[in-house]
Structure formats: C-alpha cells, structure tokens
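These are the residues of each chain, in order.
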Amino acid sequence: MGEEAFLQRFNQGLFHIEHSRLPDAVASFRAAVALRPEHPVPWFLLGVTLRTAGRAKEAVAALHAALRLRPEHPDTLFHLASTHLELLRPDRALRALRRLIALRPDQTGAAFALGGTLMALDDPEEAERAFRLAALLQPDDASVNNNVGAAVMAQRRPGAALGHFRRAIRLAPAWPEHHKNLGTAQLMRGELEEGLREYEWRTGQAVWPWNRAFPGKPVWDGGPLAGLTILVHYEQGLGDSAQFVRYFPRLKAMGARTVFECQPVLKRLLATAPGIDSLVARGEPLPDFDCSLSLMSLPYRCRTRADTIPQDIPYLWADPERVAFWRERVLGRPRPGELRVGIQWRADGDDRSIPLECFEPLSRIPGARLFSLQRVAGLDELERLGGRFGIVDPPGRRAGAEGFLDTAALAEGMDLVVACDSVVGHVAGALGKPVFLALPWLGDWRWMNHPDRTPWYPSHRLFRMARRNDWHGVMARVAEAVAEEVRRVRS
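So, how was this worked out
Residues numbered from 1 in each chain as written. Predicted model: local features only at pLDDT ≥ 70, side-chain atom pairs only at ≥ 80, totals over all residues. Heavy atoms only, no water. Axes fitted to C-alpha atoms, helices over the stretch in contact; angles between N-to-C directions. Helix = DSSP H or I, 4+ residues; strand = E, 2+ residues; numbered from the N terminus. Parallel < 35°, antiparallel > 145°, perpendicular 65-115°, else oblique. Left-handed = near helix turned anticlockwise from the far one by under 90°. Contact = heavy atoms within 4.5 Å. Nonpolar A, V, L, I, M, F, W, Y, C, P; charged D, E, K, R; others polar. Pairing = 2+ DSSP bridges. Salt bridge = Lys/Arg side-chain N within 4 Å of Asp/Glu carboxyl O. Buried < 20%, exposed > 50% of the residue type's maximum accessible area, 1.4 Å probe, protein only. Core = buried A, V, L, I, M, F, W, Y, C linked by side-chain atoms within 4.5 Å.

Looking at the packing of helix α11 (residues 176-188) against helix α12 (residues 192-199)
Inference 1: The contact between α11 and α12 brings their axes to 7 Å, and the two run at 155°. Between α11 and α12, the angle is such that the two are roughly antiparallel. Crossing of α11 over α12 shows left-handed handedness. Counted together, H179, K180, L182, G183, T184, Q186 and L187 of α11 and L192, E194, G195, L196, E198 and Y199 of α12 form the full contact between these two elements.
Inference 2: Residues that form the contact of α11 with α12 fall into these classes: five nonpolar, five polar and three charged.

Details of the sheet that holds strand β7 (residues 416-420)
Inference 1: Pairing in this open sheet of five strands is parallel, and the strands run β6-β5-β7-β8-β9 from one edge to the other. With partners counted over all chains shown, the strands left at the sheet margins are β6 (368-372) and β9 (460-463), one partner each. For this sheet, the mean inter-axis angle between neighbouring strands, taken without regard to orientation, is 25°.
Inference 2: Examined bridge by bridge, strand β5 (residues 339-344) and β6 share five bridges and lie parallel to one another. Within β6, the residue paired with V341 across the bridge is L370.

Comments concerning the pattern of salt bridges
Inference 1: Taken as a whole, this structure holds 32 salt bridges when the rule is applied.
Inference 2: Of the charged contacts in the structure, one is a salt bridge between R167 and D140, with a shortest N-O distance of 3.4 Å. Separated by 27 residues along the polypeptide, R167 in helix α10 (residues 158-171) and D140 in the loop between α8 (124-137) and α9 (142-153) bring together distant segments of the chain.
Inference 3: Residue classification places D140 among the exposed positions, given a relative accessible area of 59%.
Inference 4: Residue D444 pairs with R446 through a salt bridge whose shortest N-O separation is 2.7 Å.
Inference 5: Judged by relative accessible area, which is 29%, D444 ranks as partly exposed.

Let's talk about the nonpolar core
Taken as a class, soluble globular proteins show a tendency for nonpolar side chains to be buried jointly.
Inference 1: Ranked by internal contacts, the top residues of the largest apolar core, which has 116 residues, are I230, L251, F260 and V417.
Inference 2: Sequence-distant contacts of L251, defined by excluding residues within four places in its chain, comprise W220, L225, I230, V232, A256, T258, L298 and C302.
Inference 3: Counting 34 residues, the second largest nonpolar core, distinct from the first, contains L362, M465, A479 and V486.

Written out as structure tokens, the structure is:
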C-alpha cells in the first residue's frame, strides 16, 4: 500500500508539472517524500519545482536532501549551485560547482556558471580559466566568449580582452552588451574614436535604465544644429553630469539652442556652466525642442579624440557668497605653511569607496589640515574616526541642491582635494582645483590608461591601485604626495 501511494503521488507530481501546475506539483512531491524520504528522485524534483516556482530557499533544503542521498548526481549539484546564485550566495554555489566540474567537466553550462560565480567572488583569474573551459566546450557561444573577455578585463588587461569581445560580436553581431564591452575596453586603452562608437550600443541593452523616449523628436545624429533646439538629458551618475556638461559650448558653437535636463540635486551648481540656455531638473516641464541626446553620447557625436577633449577649465564656479560664508565660519585665514586638504572617501559604489581608516597616514602629516567634503553616506565613519584623525567637519551643511553649492564652495577654499572616484572629484576638477584621485583596481574607462594623469582634468593626479583591494597601499602613496605638497608650500 505504501509503495502504491508513493507512486501515485509521484506520478501526480509529474502530471502537474506537465500541465504547468507548480503549486499542485509541489504538494504532490512533498507527499511523495513524506512516504519515501530515502528516495532521492522526488526530493530532486521537489527542489527543481520549488526553484521554478520562485521559492529558492525551500528549493535549497530539498536539493540538499537529494544530494545527501546521491552525493555525485550532476543535475542536483547544478540546480543547487544555481539556486544559491539566485539567492546571492556565490560562496555556497562555488562548492557545488567545483564538485560538479570534477565529476563532469563537460556538463553543459557548469563551467560557465563556475566562471560567473568566481567573478562574483572577485577572482577573475580563476574565472578566466573556467570561462576558457566553457569556450572549449561551446566555442560558438557568444556569451561565453564575451565573458572570457570580461574576466580578462577585470584583471586590468583590456588589450587582451579585445579579441574575445570581437569574437562575441562576430557570433552575435546584434547583441548590444558585446559591443558596449568592446567599447569600454577600447576606451580604457585611450582609443576614444573607436571606443565611443562601440559604447553607443549601451543604450540598446535591455537593462539600460537611462533611455528616454520622446515621440516625434529624433535623436541627434551629429548633423547641423543651426537654428535648432536640442534637449540633452542626463545619464548615469552625478559625476557624469559634472564631467560631460563641458560639451554644451560645443553645441552652442554649432548654432544650437540648448536645454539640459539634469538631476535635481545638481541644478543649482550646474546653473553656472556655460552654454546651457535652459536648465531643467528631471520632473520639471520641458520646453519645446527639435531633437534630443543622452548626455554621455555627446563625446561621440562631437567626434572627440584625446586631443580634442574640451579643456576650458574651470567650467563650473562656486557661489562667491557661499565661499565667503565658509571661509568666515570654518576655514578662517590660512596658517603659514598649512595645506588645506578636502577629503572625500565614500562613493556611490562600494568598489570605489575608500575606508576612512585608510586616511590615517594623511592625518599624521604635519601641516596638512583635513576637511570633510563627504555628504550623506560615510558620516558614520566620520563620527567614529574624525576626532582621532583631526578632520574638520563643517557644521550646518545643507541638503539637496543647496548641499552641492556648499560642497563646491568648500572645495574652492581648499588647496588640494583628495577623493575617491565620485562626484566630488569631478566637481573639484571642473572648478579647476588640484585633485589627488584614488582609483580602485579596475578604474572606470574615463581614466583610460595614462599612469597618473587624465586629459579630462589637467589638475588631477591619479593614484591607481597596485594590488586588488589594497586601499592602504594607494593611500600610503597619496600621503607621500600630500607630504611633498606640504614641503613645497613651506619651502
């Protein structure tokens, strides 16, 4: 009777799966495992059904039960690893995938999943090996070849990644991600003309969140603009707006009337930028216009080369009243031989953020006086370490768009700004202030391949990470450079 009841429940589960009735299938397989808990197959099917139904945590328990009964079953290992990845547990997925590869190195999709897991665990060297195995098994799979390139580029080898991205494009010429990745690698190498062209494919990605549709209004193709009004809308982060707003005078020189739709918090600051006839914040009514363009397409449409990047700096200006306010309230008169250093450590992205504790060497430099330029995020670190490091935290800074006026005014009062790759570094650069910019292991494409300089901001000095995740090493070199600046001031 028990065996007959088990088979009935088991077959009912299969029937429900065939007819896409997942809740009924889950109930049937649960009944089956209750009758025969030592049987691995219903546990496996229960796990797969739960995963398909979006119940990943329950699926993990069922798949673990199946794996205990069949420790070397490839499909169970694969589904268990995949479920852990869906739950953002790459460390747990890694164990299952390594076991699976050892058992079945030719299992379809296993090497590819292992590579993705290793990338999530910030191990691109091992990920490259896994993706190369996947490419041997699936040489004509565009995604596999693309991911080999991604793993190579994550090791800061963009030149070696180019061939893999180009192969992915040959295999899937209409796929935007592969073109965008090729463009990013080319931009990192300083190949602006080719890279900007390929980077345009980014807007075709299904997950690209910054596209705007304006029915009846064409996208500007780089043609004549005389007598036309062009709407440029922001794209990506705050720093991108501060960096690329420099192109508006180019549009004006072509005879255009310009409208820029910016992030609301930047409106007060960007009002100082030249070449913008009408500045509106996102959500405000737009004036009439003839054509539009996404902000970060301006370098491509303006046919930018490394030697034609707009260099009219400064192109943003601090509010004189706010500069005077902060000079009177916080900065005071400069002390003889003192270097005022504005610091900013927290970016919108953990990979670009520097732990404030890494600024300790700067705090020990005689003659360097540190001022916080940090806003919103990272203030808990300032509360914990600011007193010990002697960091001046300007009181009463305002929020929203007014806050960026304060940031610019404070930066204007500094002799030097030390920042991570964030909007503060861009604003300071646009003001023409000297900036020491600390970059993560894989710096953004805009910093290209120049060792310590960038044509975007001549007053910037770049400090690149020599070893992955070694912020202490980067900031030790920054501290040496700051100490050199103090000696120069005192000499």
